[in-house]
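Next come the chains, spelled out residue by residue.
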Amino acid sequence: MTMRRRSSGIIGVLVLIWLVIGVVAAVQRDYFKESDATCATAGTIALTIVSGPLNYAGVNPKVDDCNVQIPQPSE
């Protein structure tokens, strides 16, 4: 029982570190300084954060076009 808790705690810490590295990469690319708040910008920031350390291995995710369908209220 304690081994399962310990391994899930380690996995949680690793995921947190992975995401923090992604946030650092997004900050270094100045993604948070842009005032253009579009779906593509938000998608690029999200992909950069999820990519984590892969950003430093040459991955540079970008979202060019984003078509979000907002649900309409029912009549």
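Conventions adopted
Residues numbered from 1 in each chain as written. Predicted model: local features only at pLDDT ≥ 70, side-chain atom pairs only at ≥ 80, totals over all residues. Heavy atoms only, no water. Salt bridge = Lys/Arg side-chain N within 4 Å of Asp/Glu carboxyl O. Buried < 20%, exposed > 50% of the residue type's maximum accessible area, 1.4 Å probe, protein only. Disulfide = S-S within 2.5 Å. Helix = DSSP H or I, 4+ residues; strand = E, 2+ residues; numbered from the N terminus. Patch = residues over 30% accessible without salt bridge, like charges linked within 9 Å, V, L, I, M, F, W, Y side chains within 5 Å. Areas by Shrake-Rupley, 256 points an atom, 1.4 Å probe, with all protein chains shown as cover.

> Got a sec to walk through the pattern of salt bridges? Specific residues and values, please.
Throughout the structure, instances matching the rule amount to 1 salt bridge. Residue D30 is joined to K33 by a salt bridge in which the shortest nitrogen-to-oxygen separation is 3.8 Å. Of the residues examined, D30 reaches a relative accessible area of 37% and is grouped as partly exposed.

> Which residues make up the state of the cysteines, and what are the values?
Scanning the entire structure with this criterion turns up 1 disulfide. Each disulfide pairs two cysteine sulfurs, and for C39 the partner residue is C66, the sulfurs being separated by 1.8 Å. A residue pair is termed long-range when its members are at least 10 positions apart, and C39 in helix α2 (residues 39-51) and C66 in the segment after α2 qualify at 27 residues. On the accessibility criterion, C39 (31% relative accessible area) is partly exposed. Note on C66: relative accessible area 28%, which makes it partly exposed.

> Any details on a nonpolar patch on the surface? Residues and values, ideally.
Taken together, the side chains of I11, V15, W18, L19, V50, L54 and V59 define a hydrophobic patch exposed on the protein surface, amounting to about 580 Å² of accessible area. Looking at the nonpolar patch, the element that brings in the most residues is helix α1 (residues 2-28), giving 4 residues. The exposure class assigned to V50 is exposed, which follows from its relative accessible area of 53%.

These results come straight from atomic positions and should not be treated as a statement about function.
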